[in-house]
Amino acid sequence: MNKTRTTLSDGRTLLYYGGRATAEEAVRDHPDTRDLPSTVTTSERRRDRLLDEWVLMASHRQGRTHLPPADQCPLCPSAPGRPTEIPAPDYEVAVFENRFPALAGPGGGRCEVVCFSPDHDASFVDLSAEQVRTVIAALADRTAELAGLPGVEQVYCFENRGREIGVTLAHPHGQVYALPVLTPHTRRMLDTVTRHHEATGRNLFDDVRDDALADGRRVVRTGEHWSAFVPEAARWPYEVHLYPHRRVPDLPALTEAERAELAELLLDLLGRFDRLFPTPAPYIAAWHQAPVRTGRDLYACHLELFTTRRAADKLKYLAGTESGMGQFVNDIAPEQAAARLREL
């Protein structure tokens, strides 16, 4: 996997991942010809003193691109008379700084968009295993580079799929956030595993994975290097966690063998999600990685994949108890969800 770096007309970074000849040709022969103004952002962070959590303010994002028609998609390759965020007429995987970032300016951090494929009508599950390996390599590379930026505390890679999730661009893509703070989720999880280690000498991530495998009823798929299971206290109707058998802090720490099996398992799991209902399920695929400077010896890199759809014609909304109090109520038992996913 090769990486070739260039710059968009407003100074933002663009990277091509894949074959060296294709990427170098894209940079050499297809510069960004748009006359874009410099990006102006107003991001800041404010602390909720009662919850001791940071909230990000990004009012400039109100004007971001929202569900454009396919012939105006900014993530497709550029075509004559239709320049996009990707100047080249083709690419394998492309990564660029978000024009409407949630993190920038006084608030710190950085947001990047990861385009999985030049095919506007594809989805992640339509990629080949080789393409997925390129995506994984790109995410690992971005994690390593962004973790080295001043002030970055955590790197979060994720994909949102489906309008029901809130996706504003239909083109297959994910995002990478280089966060200047630890998210509430990560901070709470790290506190829990630290207390568990102090009390037992064991790692809670390992125990959670091993308990699921020993029980068996919540297991969806196992391989040589990875296992996928529904968590015992799943919050979402269909939720699967994918853990490596060898605990690692982040994606850059994976071996080539682990990355190869990961590509196959990702396609398998997303295929199962697509077959849950008559139409493909909306989902969030969230990579949880160790903080840059804290708890790296205890934290376990893993994927949390879930859909907000609970039936063919029903969504799980975060209503009174979930949104108001943070108390989840799940309509589907984890053992039932795992059995259904195994069938598919």
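The structure this text deals with has already been given above.
Residues numbered from 1 in each chain as written. Predicted model: local features only at pLDDT ≥ 70, side-chain atom pairs only at ≥ 80, totals over all residues. Heavy atoms only, no water.

Peer 1: Can you lay out the packing of helix H3 (residues 184-200) against helix H4 (residues 204-215) for me, pointing to particular residues and giving the numbers?
Peer 2: In the contact formed by H3 and H4, the axes pass within 9 Å of each other and the chain directions differ by 90°. Taken together, the axis directions place H3 and H4 in an arrangement best described as roughly perpendicular. Residues Met189, Thr192, Val193 and His196 of H3 form the contact with H4, whose own contacting residues are Leu204, Phe205 and Asp207. When the residues that make up the contact of H3 with H4 are grouped by side-chain class, the tally is 4 nonpolar, 2 polar and 1 charged. (Axes fitted to C-alpha atoms, helices over the stretch in contact; angles between N-to-C directions. Helix = DSSP H or I, 4+ residues; strand = E, 2+ residues; numbered from the N terminus. Parallel < 35°, antiparallel > 145°, perpendicular 65-115°, else oblique. Contact = heavy atoms within 4.5 Å. Nonpolar A, V, L, I, M, F, W, Y, C, P; charged D, E, K, R; others polar.)

Peer 1: Describe the pairing of strand E2 (residues 13-18), naming the residues involved and giving the relevant values.
Peer 2: In terms of residue burial, E2 counts as a mostly covered element, since 6 of its 6 residues are buried. Of the two faces of E2, the one lined by Thr13, Leu15 and Tyr17 and the one lined by Leu14, Tyr16 and Gly18 are each fully buried. As paired elements, strand E1 (residues 2-7) and E2 share 6 bridges and run antiparallel to each other. When the sheet's bridge partners are listed, Thr6 is paired in E2 with Leu14. Hairpin connection from E1 to E2: 5 residues lie between these consecutive antiparallel strands, with Gly11 at a positive phi of about 95°. As judged from the 4 bridges shared by E2 and strand E5 (residues 93-97), these two strands associate in the antiparallel manner. Looking across to E5, one finds that Tyr17 is bridged to Val93. (Buried < 20%, exposed > 50% of the residue type's maximum accessible area, 1.4 Å probe, protein only. Pairing = 2+ DSSP bridges.)

Peer 1: Which residues make up empty space enclosed by the protein, and what values go with them?
Peer 2: Using the criterion set out here, one finds 3 cavities of 30 Å³ or more in the structure. The computed volume of the largest cavity comes to approximately 160 Å³. Elements with a minimum of two residues in the lining of the largest cavity: helix H2 (129-147), strand E7 (154-161), strand E8 (173-179), helix H5 (256-274) and strand E12 (283-288). (1 Å grid on protein atoms, 1.4 Å probe; cavity = no way out; pocket = protein on both sides within 12 Å on 5 of 7 lines; lining within 4 Å. Points joined across faces, edges and corners; volume = space filled by probe spheres on them.)

Peer 1: Kindly report on the sheet that holds strand E10 (residues 226-229), identifying the contributing residues and their values.
Peer 2: With antiparallel pairing, the 11 strands of this open sheet are ordered in space as E1-E2-E5-E6-E8-E7-E12-E13-E11-E10-E9. The outermost strands of the open sheet, each flanked by one partner alone, are E1 and strand E9 (219-222). When the angles between neighbouring strand axes are averaged without regard to direction, this sheet yields 20°. Here 5 bridges tie E7 to E12, and the two strands are oriented antiparallel to one another. The residue bridging Glu159 from the neighbouring strand is Ala285, located in E12. Those strands touched by helix H7 (residues 334-343) are E9 and strand E11 (238-244), and its axis lies near 45° from that of E9.

Peer 1: Let's hear about the side chain of His171: which residues, and what values?
Peer 2: Counting through the fold element by element, His171 comes out in the loop between E7 and E8. Separated by 3.2 Å, the side chains of His171 and Tyr91 make a polar contact. Within the structure, His171 has its side chain in polar contact with the backbone oxygen of Ser117 (distance 2.6 Å). (Polar contact = N/O pair within 3.5 Å; in protein donor to acceptor, adjacent residues only side chain to side chain.)

Peer 1: Which residues make up the packing of aromatic side chains, and what values go with them?
Peer 2: Under the counting rule described, the total for this entry stands at 10 aromatic pairs. Seen from their ring centres, Phe205 and Tyr243 are 6.4 Å apart, and the 45° between their planes marks the pair as tilted. With Phe205 in helix H4 and Tyr243 in strand E11, this pair connects stretches of sequence that are 38 residues apart. Both residues of the pair, Phe205 and Tyr243, count as buried. Relative to Phe306, the ring of Trp236 has its centre 4.6 Å away and its plane inclined at 10°; by these criteria the two rings are stacked. (Phe/Tyr/Trp six-rings, centres within 6.5 Å; stacked < 30°, edge-to-face > 60°.)

Peer 1: Give me the packing of H2 against H5: which residues, what numbers.
Peer 2: Axis separation between H2 and H5 bottoms out at 9 Å; the angle between their running directions is 115°. In terms of crossing hand, the pair formed by H2 and H5 is right-handed. For the pair H2 and H5, the contacting residues are Ala129, Val132, Arg133, Ile136, Ala137 and Ala140 in the first and Arg259, Ala260, Leu262, Ala263, Leu266 and Leu267 in the second. The class makeup of the residues in the contact of H2 with H5 is 10 nonpolar, no polar and 2 charged. (Left-handed = near helix turned anticlockwise from the far one by under 90°.)

Peer 1: Give me the environment of Ser117: which residues, what numbers.
Peer 2: Along the chain, Ser117 falls in the loop between strand E6 (110-115) and H2. Taking C-alpha positions, Ser117 is 9.5 Å from Pro77, a pair spaced 40 residues apart along the chain. With sequence-adjacent residues up to four places away left out, Ser117 is seen in contact with Tyr91, Glu92, Ala122, Leu127, His171 and Pro172. For Ser117, the side chain forms a polar contact with the main-chain nitrogen of Asp119, separated by 3.0 Å.

Bear in mind that shape data such as this cannot, by itself, settle questions of function.
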